[in-house]
Amino acid sequence: MRRPLHLLLAAALSAAALGLAATPSASAPARPTAPDNVVAAAAGNQPYASYWYPNTILDWDPATDPDARFNRSRVPLRPRVSDPALKANPNARAGEGGVASLVSFAPTSNNPSQGSLDPRYYAFGHWQYVDKLVFWGGSAGEGLILAPNPTVIDAAHRNGVKVYGTVFFPPTAYGGQIQWVRDFVQKSGTRYPVADKLAQVARHYGFDGWFVNQETAGGDTALATEMRNTMRYARSLGPVEFMWYDAMTESGSVSWQDALTSANDAFLQEGSQRTSDSMFLDFGWGASALNSSRTLARSLGRSEYELFAGVDTEANGYNTGVPWSAVFPDGRPHTTSLGIYRPEWTHNSSTDRADSYAREARFWDGANGDPSDTTTTSSWKGLATYVAESSPVTAKPFVTSFDAGQGDFYHSGGVRVSSSGWNNLSLQDVPPTYRWLVQSTGTKLKPSIDFTDAYEGGSALRLTGALDAVNTVRLYQSRLPVAADTRLSVVVKTPAAGPTHLKAAVSFTDSPTAFTTLDLGSTTSTGWERKTLDLSAYAGRTVAQIGLQTTGTTGSYDIRVGQLALYDGAVDAPSAPTAPTVLGTTDTGATKSLRLAWTASSAGDVHHYEVYRRNPDGSRTFLGATPNDSYFVPKLERAGTETSTTLDVEAVSTEFGRSPATSTTVAWSATTGTNLALNRPATASGQCNGTETPAKAVNGSVSGGNGDKWCTTTTAKWLEVDLGSARALDRFVVKHAAAGGESATWNTRDFRVEVRDSTTAAWTTAVTVTGNTAATTTHPVSLTARYVRLTVTRPTQTTDPAARIYEFEAWGS
């Protein structure tokens, strides 16, 4: 992507963070090859999204790539509906200009395939305004071709959004080499071998196409012609789409047009030949450029909405100046579509999850948190102002637990089965179509995604506020036919047993704005309760909207909705998966990471598979989930001195019925080592009082009450232990506030463990942790050290300034 000249230096300085590692051209060989920095994953190691150079992708074979099976999406692209009568904003237009979103979820070489244990993640939740998502990445130092990971594909497809991988040929300043472009278009007879691989990767991994960004200087007309031929050849292999970026022109030079012009139109359409499916126009466009682009596109027999006018929000997010009227003129059809570069600014610029969600709402829904009212003095009104919502809720069953795809714990059927933080967009439910649309003649209730409780996953819907009039909360636009056995199920939780003051609300396509309500009655407890409603009286009609309506009055209304489901007949359960197999493990003695695979259920529609460990007391702990038939378990902790652990895999249907579990066993090594920090000399940056000393963190006890810990409020927070001599270490264990019985909100969030061999040596970082929520954390290492230090950089989940460490253990021999 082009930047103004005064930003080039800043961009270069931040290249590592952006995945744009510059390689000095002077050191490049005549025929560039990939750096030798890509090695096959060990049997139990973390799998990552795939990335290549043009020549290295030629060697890719899913049969020999150990990560390939973990990178497959199993979620098909859903059809969507957008009823103009149900759009939230009167200014928005349906069926015209769309939105393409270019998003970087992680560095090119470090995109975990199936989520991770970090709950702080860009879990995008405004799919209703997006048509295409480009999984942005690629760099000279890592790889130029990046395939999207399956979690993003799963979430996007579940919401009816197409996903593209990225082919990025960097500018020379960022290490770009024109030979890489020539390698990309190489030909063998009538074939283009790299194009063959692009089509194969897209088919195998289950995504929709590629975004091609060719910004390397030094090309000529012949090379530009072959670039077009390569894309046309790949499209002929089908189904694979291409979005072309406005950089390389038909002469081969890199000369951004900021429009569709005679210099670049052949990359969209060349005579009767369709070259690409869409084009991303560089950021310098204005009204005249877009108007001429529309005219030219139409003359080529193409839609103007296949042109995406680019907006760069990476640096300033919703503070970016955009000539909105040029692309979305008031009261007139959209001129083109819109392309947004790096909207994850909302996450990257935020201080915590709440701030991230607030920024995302401002970005997409507008300043008022209400897509129907985007009035503001800011020039950024929010995308809801211009683009009508689309919904993938077009087939039964429809089930949502309002799971955002991240959380600080995991619940199954309202029961907490894991207290560890996580992110996994494969588990994200379809977010509400409207965020938030509340109609009331009185005080409006406040809907929110609540991360303190859940029925399934890590979050729920919560309605709070003063209830002084009827509130109708429009949640989902839909197109769901009602049969004689159709049911609507709502799972709720109230602070006290009694009236819910809540009704389910549905409208039908024959009168889409008129709601029919069904009372949910009262609760009998403070736990989760399911209310199942019979819709047979409406058989033959089609549900156009699903929402909730509150009635009555109360000064402080508070209710959680853990699940909303519309389905036919009884809840179906799939058959159990079979033949669970541990493909390999990485064992540190106290923890393992492992790769697990199984044979998919032979009967029933499966939404996802869940993986659990059986605990010695008979309970189970959730380890993760995926729609795939394989899963990477990032951390399996050994319970005491157990010699083996049983793992369960069970299928969860699209109606959230559960199969019986099928099991396999993994063995542990015979010894667990010694806690070498136990009762060793300990010093610290300070202590909260005379009893909460550093020695309390190495005394082997967490059961001595709240004073059985080390505590400090010093600005720098560190705890150092002298092991007496250099020792071989295989893991560190840190026991945080909740391990000693204190609030989990005081568990250490961010910290690192450092080591050195002598008091004069520099500290070396062995472990870095961000976003922790667990009471006890285990950190495998393989190193030798005499001095170990725990440095706390964010002591709690809140603003509480005190670090509370009940034990700091260094295990080894």
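About the cut-offs
Residues numbered from 1 in each chain as written. Predicted model: local features only at pLDDT ≥ 70, side-chain atom pairs only at ≥ 80, totals over all residues. Heavy atoms only, no water. Disulfide = S-S within 2.5 Å. Helix = DSSP H or I, 4+ residues; strand = E, 2+ residues; numbered from the N terminus. Pairing = 2+ DSSP bridges. Axes fitted to C-alpha atoms, helices over the stretch in contact; angles between N-to-C directions. Phe/Tyr/Trp six-rings, centres within 6.5 Å; stacked < 30°, edge-to-face > 60°. Buried < 20%, exposed > 50% of the residue type's maximum accessible area, 1.4 Å probe, protein only. pLDDT = per-residue confidence, 0-100. Contact = heavy atoms within 4.5 Å. Salt bridge = Lys/Arg side-chain N within 4 Å of Asp/Glu carboxyl O. Expected span 1.5 Å × (residues − 1). Polar contact = N/O pair within 3.5 Å; in protein donor to acceptor, adjacent residues only side chain to side chain. Parallel < 35°, antiparallel > 145°, perpendicular 65-115°, else oblique. Left-handed = near helix turned anticlockwise from the far one by under 90°. Nonpolar A, V, L, I, M, F, W, Y, C, P; charged D, E, K, R; others polar.

Here the focus is the state of the cysteines. Evaluated as defined, the whole model comprises 1 disulfide. Residue Cys688 pairs covalently with Cys711 via a disulfide, S to S 2.0 Å. Residues Cys688 and Cys711 are joined by a disulfide whose S-S torsion is about -60 degrees; by sign, that bridge is left-handed. Linking Cys688 in the loop between strand 38 (682-684) and strand 39 (710-712) with Cys711 in strand 39, this pair joins segments that are 23 residues apart in sequence.

Take the sheet that holds strand 36 (residues 662-667) next. Taking strand neighbours across the sheet as the criterion, the 4 strands line up as 33-32-35-36 in an open arrangement whose pairing is antiparallel. On the outer flanks of this sheet lie strand 33 (620-626) and strand 36, each paired with one strand and no other. Averaged over all pairs of adjacent strands, the angle between their axes in this sheet comes to 25 degrees, without regard to strand direction. Bridge analysis of strand 32 (residues 606-614) against strand 33 gives 6 bridges, and the strand direction is antiparallel. Among the inter-strand pairings, Arg614 is bridged to a residue of strand 33, identified as Arg620.

Moving on, we get to the packing of aromatic side chains. Scanning all chains against the criterion turns up 39 aromatic pairs. Here the aromatic rings of Tyr53 and Trp180 are separated by 5.4 Å at their centres, their planes lie at 40 degrees, and the arrangement is tilted. With Tyr53 in the loop between strand 1 (51-52) and strand 2 (99-103) and Trp180 in helix 4 (residues 178-184), this pair connects stretches of sequence that are 127 residues apart. Classification of Tyr53 as buried rests on a relative accessible area of 3%. Taking relative accessible area as the criterion, Trp180 reaches 3% and is therefore assigned buried.

To continue, consider the confidence of the model for the protein. On average, residues of the protein score 93 in pLDDT, and 94% of them reach the 70 mark or higher. Counting interchain partners and residues more than four positions distant, the pLDDT-below-50 stretch residues 3-42 has 53 contacts.

Another point: the pairing of strand 24 (residues 502-508). Across the 7 residues that make up strand 24, a large majority, 7, are buried. Side chains Leu502, Ala504, Val506 and Phe508 of strand 24 all project onto a buried face; the interleaved residues Lys503, Ala505 and Ser507 project onto the opposite face, where all are buried too. Note that strand 24 and strand 28 (residues 542-550) share 7 bridges and pair antiparallel. Pairing of Ala504 across the sheet is with Leu548, part of strand 28. With 5 bridges joining them, strand 24 and strand 25 (residues 511-519) adopt antiparallel strand pairing. Along strand 25, the bridge assignment pairs Ala505 with Thr517. Where strand 24 hands over to strand 25, the hairpin turn is made up of 2 residues, counted between the paired strands.

Looking now at the pattern of salt bridges. One pass over the full model with this rule turns up 45 salt bridges. Measuring nitrogen to oxygen at the nearest pair gives 3.3 Å for the salt bridge that ties Asp534 to Arg487. Separated by 47 residues along the polypeptide, Asp534 in strand 27 (residues 529-534) and Arg487 in strand 22 (residues 486-493) bring together distant segments of the chain. Arg804 is paired through a salt bridge with Glu742; the nearest N and O atoms lie 3.9 Å apart. Of this pair, Arg804 sits in strand 44 (residues 803-805) while Glu742 sits in the loop between strand 40 (717-735) and strand 41 (750-756), and the two are 62 residues apart along the sequence.

Two residues of an α-helix separated by three or four positions point the same way, owing to the 3.6 residues in each turn. The end-to-end C-alpha distance of helix 5 (residues 193-205), which contains 13 residues, comes to 18 Å, matching closely the 18 Å that a straight helix rising 1.5 Å per residue would cover. Residues Pro193, Val194, Ala195, Asp196, Lys197, Leu198, Ala199, Val201, Ala202, His204 and Tyr205 constitute the buried set of helix 5. The first or second residue beyond helix 5 is Gly206, which carries a positive phi of 85 degrees.

This next bit is on the sheet that holds strand 28. The antiparallel open sheet is built from 5 strands, whose spatial order is 18-21-28-24-25. Edge positions in the sheet fall to strand 18 (437-440) and strand 25, since each has one partner strand and no second. Within the sheet, the average angular offset between the axes of one strand and its neighbour, ignoring direction, is 35 degrees.

This paragraph deals with helix 7 (residues 287-299). Here helix 7 is 13 residues long and its end C-alpha atoms lie 19 Å apart, about the 18 Å a rise of 1.5 Å per residue gives. Residues of helix 7 that are buried: Ala289, Leu290, Ser293, Arg294, Leu296 and Ala297. At its buried positions, helix 7 is contacted by strand 10 (278-281), strand 11 (307-312) and helix 8 (324-327). Among the residues trailing helix 7, Gly301 stands out with phi positive, at a value near 80 degrees.

With that settled, the discussion passes to the side chain of Asn615. As for its position among the elements, Asn615 is in the loop between strand 32 and strand 33. Separated by 2.9 Å, the side chains of Asn615 and Arg613 make a polar contact.

Another point: the packing of helix 5 against helix 6 (residues 221-237). Relative orientation and spacing of two packed helices are given, respectively, by the angle between their axes and the distance between those axes. Interhelical geometry of helix 5 versus helix 6 gives an angle of 40 degrees and a closest axis separation of 9 Å. With respect to helix 6, the axis of helix 5 lies oblique. Seen along the crossing, helix 5 lies across helix 6 with a hand that is right-handed. In this structure, helix 5 uses Ala195, Asp196, Ala199 and Arg203 to contact helix 6, whose residues at the interface are Thr230, Tyr233, Ala234 and Leu237. The class makeup of the residues in the contact of helix 5 with helix 6 is 5 nonpolar, 1 polar and 2 charged.

The next point concerns the pairing of strand 2. For strand 2, the tally of buried residues reaches 5 of 5 residues, placing the bulk of the element in the interior. Where burial is concerned, the two faces of strand 2 agree: the one with Val99, Ser101 and Val103 and the one with Ala100 and Leu102 are both buried. Bridge count between strand 2 and strand 12 (residues 337-341): 4 bridges; the pairing is parallel. Of the residues in strand 12, the one forming a bridge with Ala100 is Gly339. Bridging between strand 2 and strand 3 (residues 132-135) involves 4 bridges; their strand directions are parallel. Counted as the bridge partner of Ala100 is Lys132 from strand 3.

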